[in-house]
Amino acid sequence: MWYSLAEHFPSPCYIIDTDKLSENFITIKKEADKAGLSLLLAMKGFPLAKAFSFISPYIDGVSASGLFEAKLGSKLGKEVHIHTPAYKKEDAEEIADLCSHIVFNTPRQLELFSHTATSKNEFALRLNPEVSIVKEAVYNPCVPYSRFGLTKEMLLTVNGGFFEKNSGFHIHALCGSSSKDFNTLISRTIEQFADWLPYVSWINLGGGQALTEDDFDFADFAENLNILHSKYHLKTYIEPCEYLVMNAGFLVTTVLDVVHNEKDIAILDASLSCHALDVLKNYYQLPVVYPQAGKAYSSLLAGNSCLSGDIFGEYSFSAPLKPGDKIIFGDMGSYSFAQMNYFNGINFPAIYFYSKKNCLQKIKSFDYKNYEAIYD
């Protein structure tokens, strides 16, 4: 395994294992094709255009949550879907030029594009199926008073003329959800919106499906998915991200010092706040893939920022940690690039690709000029 080369890696840096990345996409593409699902990459979690060459054969396009993501995603050269709670009027012309599919959170938003739309644009409306599958309210688009999409009751008030310009629907209500939860979402969508489904030709069922988990079974939702296909003749998209890049991303760090305060605390040249913000917000612990775990020596791994809670967690190793040791965290493919920041002026990690054929390839590195360009 490439971990054995860790001592030669720059630090901190993100590593994308392109062999594993391609393997994920091949596996999921095979299952999606059998189910009749079209795949879009959600740019919000993996905005790394340098990786498009590895994933382009397996996806139909990208899903963007704003103009910048749409511009970057257009480099793939395939469909560009965009959705956001509200668009800026001054962005409408550029969005219409870049995007094949434009989703509106309310019918009123269509007015922004009335003079800029082109023949290539397909319009859609976001719907709220009012099914709270996601337990954490902060990640649940269907919480009470949600700003995301129209409920059935709200849809009843939409002027019928809107559907003459509208060819699709978009729904997003999952987050790390099982195949059974996905089935619930599809069932609820059919139940709530059956009267409107004949008016459109496609539907995007969003992301959040735990596609690479061992217990995710495409058979769990096959019957309801078939209703969308055979009864309503809908092209059906999903827009995953996290589970497309699962186990393909890593964060390489170095121990700078070891403090002992009742426990050993290894201070790393990285920071949750800067390099793994999703972990800090969601209170979970990253796996350490190097060095190998052991039971003899326990240590807290801590970031190098001033934030007291900048703690990666407590881990056990076969030998005590010392300055200069490399620590590699797994599960760092999604959201890491999108959410890294310059908190405390701590530098961004460099970004490298790794494959057995090409070994390490530097994609990008950062220095003070990048930091200055943002704040000066």
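Going by the structure above, here's the rest.
About the criteria used
- Residues numbered from 1 in each chain as written.
- Predicted model: local features only at pLDDT ≥ 70, side-chain atom pairs only at ≥ 80, totals over all residues.
- Heavy atoms only, no water.
- Helix = DSSP H or I, 4+ residues; strand = E, 2+ residues; numbered from the N terminus.
- Buried < 20%, exposed > 50% of the residue type's maximum accessible area, 1.4 Å probe, protein only.
- Polar contact = N/O pair within 3.5 Å; in protein donor to acceptor, adjacent residues only side chain to side chain.
- Contact = heavy atoms within 4.5 Å.
- Pairing = 2+ DSSP bridges.
- 1 Å grid on protein atoms, 1.4 Å probe; cavity = no way out; pocket = protein on both sides within 12 Å on 5 of 7 lines; lining within 4 Å.
- Points joined across faces, edges and corners; volume = space filled by probe spheres on them.
- Nonpolar A, V, L, I, M, F, W, Y, C, P; charged D, E, K, R; others polar.
- Salt bridge = Lys/Arg side-chain N within 4 Å of Asp/Glu carboxyl O.
- Axes fitted to C-alpha atoms, helices over the stretch in contact; angles between N-to-C directions.

Caption draft 1: Here's a closer look at the side chain of Ser 179. Position of Ser 179 relative to the elements: it lies in helix α6 (residues 179-193). Given a relative accessible area of 1%, Ser 179 falls into the buried group. Among the polar contacts listed, one links the side chain of Ser 179 to the backbone nitrogen of Asp 217, at a separation of 3.1 Å. Excluding its chain neighbours within four sequence positions, the residues that come into contact with Ser 179 are Asp 215, Phe 216, Asp 217, Asp 220 and Phe 221.

Caption draft 2: Broad picture of the pairing of strand β11 (residues 263-268). The pairing of strand β10 (residues 249-261) with β11 spans 6 bridges and is classified as antiparallel. Paired with Val 255 across the bridge in β11 is Leu 268. Linking β10 back to β11 in an antiparallel pair, the connection comprises 1 residue, with Glu 262 at a positive phi of about 70°.

Caption draft 3: Geometry of the layout of surface pockets. Taken as a whole, the largest pocket encloses approximately 1200 Å³ of empty space. Around the largest pocket sit 42 residues that line it, and Lys 44, Tyr 139, His 172, Cys 175 and Tyr 335 are the ones nearest its centre. Ranked by the residues each element gives to the lining of the largest pocket, the list is headed by helix α9 (residues 277-282), at 3 residues. In terms of residue class, the lining of the largest pocket is made up of 18 nonpolar, 13 polar and 11 charged.

Caption draft 4: Fine view of the pattern of salt bridges. Under the definition given, this model contains 9 salt bridges. We note a salt bridge from Asp 220 to Lys 180, for which the minimum N-O separation is 3.5 Å. Of this pair, Asp 220 sits in the loop between β8 (202-204) and α7 (222-231) while Lys 180 sits in helix α6, and the two are 40 residues apart along the sequence. Classification of Asp 220 by relative accessible area gives partly exposed; the value is 25%.

Caption draft 5: Representation of the sheet that holds strand β6 (residues 122-126) in the model. Overall, parallel pairing links the 8 strands, which are arranged β2-β3-β4-β5-β6-β7-β8-β9 in a closed barrel. Shown here is a sheet whose adjacent strand axes are inclined to one another by a mean of 30°, direction ignored. Sheet analysis places β6 next to strand β7 (residues 166-170), joined by 4 bridges and oriented parallel. Its bridge partner being in β7, Leu 125 is matched across the sheet by Phe 169.

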